[in-house]
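# Results of the structural survey
Here's the letter readout for the chains.
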Amino acid sequence: MREVLDARGRFCECCGVPARHVHHIIPCSISGIASELVFDPANLIVICNDCHMLMHPLIRRPSWTKAAKGRGIALNR
């Protein structure tokens, strides 16, 4: 995935802001985790956090957002 970021630049291919995510165009849940599409650069886009959340509506659920804020806190104690 890092190769895709390095090759295309670290800017969102949807809106142009700085980005650090790589999104599967055809999701792994459809293609299968063992599919060649998982690492195929033609199936990946560089995307910012905001656009990535629009691609995955469940991420925006309040319960997930609350849980996400707490992730890693236990590891820092």
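Okay, so let's go over this structure. Just so you know, these numbers come straight off a predicted model, no measurement behind them.

So, how was this worked out
- Residues numbered from 1 in each chain as written.
- Predicted model: local features only at pLDDT ≥ 70, side-chain atom pairs only at ≥ 80, totals over all residues.
- Heavy atoms only, no water.
- Helix = DSSP H or I, 4+ residues; strand = E, 2+ residues; numbered from the N terminus.
- Contact = heavy atoms within 4.5 Å.
- Polar contact = N/O pair within 3.5 Å; in protein donor to acceptor, adjacent residues only side chain to side chain.
- Salt bridge = Lys/Arg side-chain N within 4 Å of Asp/Glu carboxyl O.
- Buried < 20%, exposed > 50% of the residue type's maximum accessible area, 1.4 Å probe, protein only.

## What to know about the environment of L37
- Counting through the fold element by element, L37 comes out in the loop between α2 (28-31) and β2 (44-47).
- Separated by eleven residues in the primary sequence, L37 and I26 place their C-alpha atoms 7.7 Å from one another.
- Setting aside anything within four residues of it in sequence, one finds L37 in contact with H24, I26, S31 and N43.

## Overview of the side chain of H23
- Position of H23 among the secondary structure elements: in strand β1 (residues 21-24).
- Polar contacts involving the side chain of H23 include one to the side chain of H52, which spans 3.3 Å.
- Setting aside residues no more than four positions away along its own chain, H23 makes contact with N43, L44, I45, I47, H52, M55 and H56.

## Topic: the pattern of salt bridges
- Applying the stated rule across the entire model yields two salt bridges.
- Note that R10 is salt-bridged to D6, the shortest N-O span being 2.9 Å.
- Of the residues examined, D6 reaches a relative accessible area of 52% and is grouped as exposed.

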